[in-house]
Amino acid sequence: MTINQYDYCWLKYTLKRAASEKSDKLICGHSLARFGITEKLIPGLINLSFISQDYYYSARIIEEAVSKIPSIRLVILGTSYVSPFLDLSLMENKGEIARINDVYGKYFGDYHHLSEIREQTPRDSHDNEDDLYNEEMYEHIKDDYFGPGHTRQMVSETDWEGTAEEERIKTGEMRAGFHNRFLKYQDTYEENGGILMKLATSLRDRDIDFVPVVFPSNIYYRRHLDISFKVKYEEQIGKISVGPGIKTQFDFYECDAFDKVKDFVDSDHLNDRGAEKMTNMLRDCLHFK
């Protein structure tokens, strides 16, 4: 099963399971929130973050979840300072485009800005006789997205702790340099600001708490990321705070509780140890028992 097939099954059947179990907490966001949270440590939490996810599809998933799962009372949006500039349809990586086609487009029939998609296909139109098998497979992994045969290290395809220091420095610089190019997407920044405002208003109207969280960043990556991202991120979140309002927000970007090697699986994603630490910190911040 490819990563996209895996994620599609996780999206579809986690929504179905959460409705039956009356889950009351949801976290959504891109890869930092996917790698950085071990949801089984927080009762009632479902994690619908994926390796590639922008605000547009986070909002689609959140709206779908709160409509299908009326028991949800808290939505956590996992972010980074780069998040306001992300639009999967603008990515040059074929894997990002495939994610739209095979996960979000397949489920929602919504391909956002991908005009080359021939038509808006109905949700789940690609389902076939393998669907029963996929649901049975999901039953074996539903307690944790990562597990045997699908670990954080396998998905990241790195051996971070075993990587030489010089290579770690180089990798962090290259990763940050790649993200620095996204500052040019000013139209995306403006669009994402509107998406966040609409989402915050919708959740407020449903009496659902909305908590944006900036996930921790590795110093190898952090020292090379353009400081403008932080400024623009805070400007955007600030507008939401004085508009429809959010319950609170947490910023772990420069949190010194995380070891740059032992708590990360690569230059910017947490490993199992780091995810457990991050989950417990977030649980304490939100006063979960």
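Before reading further, recall that the structure is shown in the block above.
Note that the structure is predicted; figures quoted are calculated from it, not measured. (Residues numbered from 1 in each chain as written. Predicted model: local features only at pLDDT ≥ 70, side-chain atom pairs only at ≥ 80, totals over all residues. Heavy atoms only, no water.)

### Looking at the packing of aromatic side chains
For the record, the criterion: Planes of paired rings set the category: under 30 degrees apart is stacked, over 60 is edge-to-face and the rest tilted, where pairs are Phe, Tyr or Trp rings (Trp by its six-membered ring) whose centres lie within 6.5 Å. Throughout, exposure labels follow a simple rule: accessible area from a 1.4 Å probe, protein chains only, divided by the maximum for the residue type, with under 20% read as buried, over 50% as exposed, and the rest as partly exposed. Placement of a positive charge over a ring is assigned whenever Lys NZ or Arg CZ falls within 6 Å of the ring centre and within 35 degrees of the normal to the ring plane.
By the definition in use, this model includes 18 aromatic pairs. Residues F178 and F182 carry aromatic rings whose centres are separated by 5.2 Å and whose planes lie at 70° to one another, so their mutual orientation is edge-to-face. Residue classification places F178 among the partly exposed positions, given a relative accessible area of 32%. Its relative accessible area of 5% is what places F182 among the buried residues. Taken together, Y6, W10, Y13, F35, Y138, Y145 and F146 form an aromatic cluster joined through their ring pairs. Directly above the aromatic system of Y8 lies the positively charged group of K106, at a separation of 4.0 Å from the ring centroid.

### So, the packing of helix α1 (residues 3-21) against helix α4 (residues 94-108)
So the rule is basically this: A fitted line through C-alpha atoms represents every axis, and for helices the fit uses only the stretch in contact; the resulting angles, taken between N-to-C directions, go from 0 to 180 degrees. Only DSSP runs of H or I reaching four residues or more are called helices, and only runs of E reaching two or more are called strands; each is numbered from the N terminus. Between 65 and 115 degrees an angle is taken as roughly perpendicular, under 35 as roughly parallel, over 145 as roughly antiparallel, and anywhere else as oblique. Here is the rule for handedness: rotate from the far helix to the near one, and if that takes an anticlockwise turn smaller than a right angle the crossing is left-handed, while a clockwise turn gives right-handed. The contact definition used throughout considers only heavy atoms, calling two residues in contact when any of these lie within 4.5 Å. Following the grouping adopted for this structure description, the nonpolar residues are Ala, Val, Leu, Ile, Met, Phe, Trp, Tyr, Cys and Pro, the charged ones are Asp, Glu, Lys and Arg, and the polar ones are all others, Gly among them.
Running from N to C, α1 and α4 point in directions that differ by 25°, and their axes come no closer than 9 Å. One element, α1, and the other, α4, form an angle in the roughly parallel class. For the pair α1 and α4, the sense of crossing is right-handed. Judged by residue contacts, I3, N4, D7, Y8, L11, K12 and L15 of α1 engage A98, R99, D102, V103, K106, Y107 and F108 from α4. Class assignment for the residues of the contact of α1 with α4 results in eight nonpolar, one polar and five charged.

### What about the environment of F288?
One can find F288 in the segment after α11 (272-285). Beyond its immediate sequence surroundings of up to four residues, F288 is in contact with K25, I42, L74 and R283.

### Observations regarding helix α7 (residues 165-180)
The test is simple: Any helix carries an expected span of 1.5 Å times its number of residues minus one. The directions considered for the arc run from the helix axis to the C-beta atoms.
Under the 1.5 Å per step criterion, the end-to-end length of α7 is 23 Å for 16 residues, consistent within 8% with the ideal 22 Å. What α7 keeps buried is the set R168, G172, A176 and H179. Mapping the buried residues of α7 onto a view down its axis gives an arc of 60°, with all of them on the same face. Opposite the packed face of α7, turned more than 90 degrees from it, sit the exposed residues E166 and M174.

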